[in-house]
Amino acid sequence: MAIEDNPRSREQYGAELKRRRESAGLTQEQLSQRAVMSRTHIAHIEAGRRRPDPEDARRLDQVLEGGGFFVNFLPTLDGKKVAEHFEEALEFEGKATAIKEYAPNLVPGLLQTKAYAYEVLGTGFPRPSDEQRDRLVSTRLERARILDPFHSPEVCFLLDEAVLRRVVGGPGVMCDQLRHILELGTSRRIRIHILPYSVGAHALQEGFLSLMWFDDLPPIAYAEGVKSGRILELPSEVRACQELYDQALGDALSHRKSLDLLRSVAEDYAHDEQRAEHP
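Residues numbered from 1 in each chain as written. Predicted model: local features only at pLDDT ≥ 70, side-chain atom pairs only at ≥ 80, totals over all residues. Heavy atoms only, no water.

Peer 1: I tried to follow the overall build of the protein on my own but got confused; where do I start?
Peer 2: What the protein contains, in helices and strands, is 12 helices and 8 strands. On the principal axes, the C-alpha backbone points of the protein span a range of 75 × 40 × 35 Å. Burial status across the protein gives 47% buried among its 279 residues. Taking the contacts inside the protein whose residues are at least 6 apart along the sequence as the reference set, 72% of them involve residues at least 24 apart. Accessible surface computed for the protein: about 14700 Å², of which carbon and sulfur atoms make up 49%. When the 37 positive and 45 negative side-chain charges of the protein are each reduced to one mean point, those points stand 2 Å apart. (Helix = DSSP H or I, 4+ residues; strand = E, 2+ residues; numbered from the N terminus. Buried < 20%, exposed > 50% of the residue type's maximum accessible area, 1.4 Å probe, protein only. Contact = heavy atoms within 4.5 Å. Areas by Shrake-Rupley, 256 points an atom, 1.4 Å probe, with all protein chains shown as cover. Lys, Arg positive; Asp, Glu negative; His and termini not counted. Charge placed at Lys NZ, Arg CZ, Asp CG, Glu CD.)

Encoded structure:
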């Protein structure tokens, strides 16, 4: 059963969780231990600020003998505008006051141009239809509007040099993409740091990581792999991710040197495009 995800449905879901937890004689801490969830996450669910992922919902059903309630009435985002594993992270992204991201291979979604996003979102299995791809691109570009205000959120991107060198859509697309990042960096809207190939192995080489901070919520981390993603909210896990990010950042080029590298690689792509047009 699909229940549309909105503040009202989350509040009703949270109220029912609280009622059943108290009927079972459990504190939030006791439920967190039995359901293998953090107490903070349970508190946010009960307050209607968050919703559990399907696996959390299954464990809540098991511990509280919910008879399938917590799975069947789990509020979900409608329309599949983003990958299922990214749905909750998308909610947090819109509320964050500060974001720090590391990207190992591709330009992060918040920085992608329309042409670059169109190429990236046309891959995968099963391949999306043209209509589906157009919808995904539109959603991705809409996400990037959080960068329209100058002051909030504060955003820092740490990019592996592979992000600059992997040719997505041809040299023209890459030239425009890198110039877009360069414009955001030179206008001081974002901070950008490149991890050069010369660094070799580094602390974040295993995959994409996003760190987020909020005014009224504790910080979280979001780690992503192949068709998978996970919100991390245990303070010890979040601190560990922050430490890994800081270690990798220490190996990266400065903001100014990163902009210089972006400019240089963009110019190389511009020359490549000219040669392709006039062999």
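Peer 1: Just to check I follow, could you spell out the sheet that holds strand S7 (residues 220–225) for this structure?
Peer 2: Two modes of strand pairing occur in sheets, parallel and antiparallel, and in both the strands are linked by backbone hydrogen bonds. Ordered by their spatial adjacency, 6 strands build an open sheet running S5-S4-S3-S6-S7-S8, and the pairing between neighbours is mixed. The open sheet is flanked by strand S5 (191–195) and strand S8 (228–232), the only strands paired with a single partner. For this sheet, the mean inter-axis angle between neighbouring strands, taken without regard to orientation, is 10°. For S7 and S8, the ladder comprises 5 bridges, and the chain directions are antiparallel. Paired with Glu 224 across the strands is Gly 229, a residue of S8. (Pairing = 2+ DSSP bridges. Axes fitted to C-alpha atoms, helices over the stretch in contact; angles between N-to-C directions.)

Peer 1: Help me understand unusual backbone geometry in this model?
Peer 2: A negative phi holds for most residues other than glycine; trans holds for most peptide bonds. Here the residue pair Ser 152 and Pro 153 is connected by a cis peptide bond, since its omega of 0° sits within 30 degrees of zero. Structurally, Pro 153 is set in the loop between helix H8 (130–143) and strand S4 (154–160). The backbone of Val 36 shows a phi angle near 55°, a positive value even though the residue is not glycine. You can see Val 36 is positioned in the loop between helix H2 (28–35) and helix H3 (39–46). Classification of Val 36 by relative accessible area gives exposed; the value is 62%.

Peer 1: Before we go on, may I ask you to explain helix H11 (residues 235–251) in this structure?
Peer 2: In a regular helix each residue adds 1.5 Å, so 17 residues correspond to 24 Å; H11 covers 25 Å between its end C-alpha atoms and thus fits that length. Among the residues of H11, those classed as buried are Val 238, Cys 241, Gln 242, Tyr 245 and Ala 248. End-on view of H11: buried residues confined to an arc of 125°, all on one side of the axis. Away from its buried face by more than 90 degrees, H11 exposes Arg 239 and Gly 250. Residues of H11 that are buried in the fold lie against strand S3 (98–103), S4, S5, strand S6 (208–213), S7 and S8. (Expected span 1.5 Å × (residues − 1). Arc of directions from axis to C-beta.)

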